[in-house]
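Chain and residue survey
Residue strings, one per chain:
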Amino acid sequence: MGVTDVIRENWATRLGFILAAVGSAVGLGNVWRFPFQVGQEGGSAFLVMYLFFVLLIGLSAILAEFVVGRRTELNPVGALREVGGSSWRYLGGLFIVIGFVILSYYSVVAGWVLRYFVGSLTGGYFGEPEAYFVAIATGTDALLFHAIFMALVIGIVSFGVKRGIELTVKSMVPLLVVLMVVLAVYAATLPGSAEGYAYYFSPEFSVIVNDWQSIVPAAAGQAFFTLSLGMGVMITYASYLGEDRNLGFDGVTIIGLDTGIALLAGLVAFPILFAAGIGAADPGAGAIFVALAGAFSEIAYGQVLGTVFFFAFALGALTSAISLMEVVVSYAIDEHGMERRRATAVIGLGMFLLGAPVTIDLVMVDLYDILAAQILLPLGGILLVILVGWIINEEMVDELSRGIGDLGSLGVAWIWMLRVPVVLVLVVSLGLAVMGYVDFLTGPFAEFLGSTS
Ligand code: PHE
């Protein structure tokens, strides 16, 4: 089957792999999606649930993807065919479809970030943060910046694994971390920051009990989304690992950094919001943009801070987007023998078109985002976990032990984690998510369709 004669690249350095995986994990999920979900799903009640999912599912699931990738050195479709047999290639196919869907709307939201970066430089949003968001989030502006962002992604991924992705993440990921720390320290000095921390860190367990049907799928979806799980990014990135390294160590590092940066984003966002007297973000995809832009126009040095913030934010989005693109591109190259640059351009154009309707109305962001994060990623995750946990477990434990040494009972514990708790929790969460999505389709989305016709 379509195996190419092109030599497959590998990461040039150990650090390159880690930074690429961290770069994939850290992105809009941490800075846009996380605070917006915290605001929508009951503040710190959501935070607690989300941390629970990251701990329960995160490490075992990321390892499951790593071992499949490193074992096969193939794109997700080829990798699953090789380890699972030919019908498992359809799961790989599902991963490619999910990557396509996610990057299509991710690029629209990332376009907003680019727009806000420009707006910070020019002072465009100062004084009227809400009107600004409304003006740029949909319509031609949104479409234009969606196109610009997609062009950047195409540009980087065209250069390949070492010269494109690895070079980019090596400069951008450390810069992003430094910028976020600087912003969080600054935010701590603002009057009113204490209130922001209080909102962020005082969980109300009654909220979890009352609203668990929406919090559970939202928190599980966020855990998958932010760790880039459930669609083969970690399979693809691990497939470029030539050597056997300690994947357990890598998994813990990546998850630790991603979670740390999400928490850090909250430490930046909530004090700034409260300092500006705005309070917690209102539910909705625009919350973080409107709120932070409002805050930056109120506080001292707001313009400088805003510029730095949206720059860091754009870097994060870019290093995630290249991983989504690479999944699909690696498939086109490995399975269809396409040339990298051509594949990247064609796929990027397709994603641009699929994302274009998202610029029509904000409800479209929810239409794509809930489907992708709460339904498609957990679905992909469940199927992969079943394969690794129940079907090819022995081979996979063996693969995990390479670079670590004898796993002993840890290997057994990992497999049983995948087999029962992870599968159970995800199945419940997926069921709830599907019901929630039906409510969304028959509620807000149907209203939107009714209002346009
Ligand atoms: N993890 C990325 C973020 O938080 C988004 C992403 C999801 C990337 C799935 C790849 C795969 O922004």
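These numbers come from a predicted model, not from an experiment.

About the criteria used
Residues numbered from 1 in each chain as written. Predicted model: local features only at pLDDT ≥ 70, side-chain atom pairs only at ≥ 80, totals over all residues. Heavy atoms only, no water. Helix = DSSP H or I, 4+ residues; strand = E, 2+ residues; numbered from the N terminus. Buried < 20%, exposed > 50% of the residue type's maximum accessible area, 1.4 Å probe, protein only. Expected span 1.5 Å × (residues − 1). Bend = angle between axes of the 7 residues up to and from the residue. Near = heavy atom within 4 Å. Polar contact = N/O pair within 3.5 Å; in protein donor to acceptor, adjacent residues only side chain to side chain. 1 Å grid on protein atoms, 1.4 Å probe; cavity = no way out; pocket = protein on both sides within 12 Å on 5 of 7 lines; lining within 4 Å. Sits in = over half its atoms within 2 Å of the grid points. Nonpolar A, V, L, I, M, F, W, Y, C, P; charged D, E, K, R; others polar. pLDDT = per-residue confidence, 0-100. Contact = heavy atoms within 4.5 Å.

1. Looking at unusual backbone geometry
Unusually for a residue other than glycine, glutamate 73 sits at a positive phi of about 55°. Within the secondary structure layout, glutamate 73 lies in the loop between α3 (44-72) and α4 (76-84). At serine 228, a position not held by glycine, the phi torsion is positive, near 55°. Structurally, serine 228 can be placed in the loop between α11 (212-226) and α12 (233-239). Given a relative accessible area of 9%, serine 228 falls into the buried group.

2. Overview of α3
The periodicity of an α-helix, 3.6 residues per turn, causes residues three or four places apart in sequence to face the same way. Relative to the 42 Å expected for 29 residues at 1.5 Å per residue, α3 spans 41 Å between its end C-alpha atoms, a close match to the ideal helical length. Most pronounced at glycine 58, the bend in α3 amounts to some 40°. Along α3, 23 of the 29 residues are buried, which leaves the element largely enclosed by surrounding structure. Once α3 finishes, glutamate 73 follows within two positions and takes phi at roughly 55°, a positive value.

3. Things to note about the site of the ligand
Among the 15 residues in the neighbourhood of the ligand, the closest are listed as Ala25, Gly29, Tyr106, Phe225 and Ser228. In this structure, an oxygen atom belonging to the ligand sits 3.0 Å away from a main-chain N or O atom of leucine 28. Take serine 228: an N or O atom from its side chain is 3.0 Å from a nitrogen atom of the ligand. Its atoms largely coinciding with the cavity grid, the ligand occupies the largest cavity. For the shell around the ligand, the residue count by class is seven nonpolar, eight polar and no charged.

4. A short note on the confidence of the model for the protein chain
With 97% of its residues at a pLDDT of at least 70, the protein chain reaches an overall mean of 89. In the model, residues 1-5 has pLDDT below 50 throughout and makes nine contacts with residues more than four positions away in sequence or in other chains.

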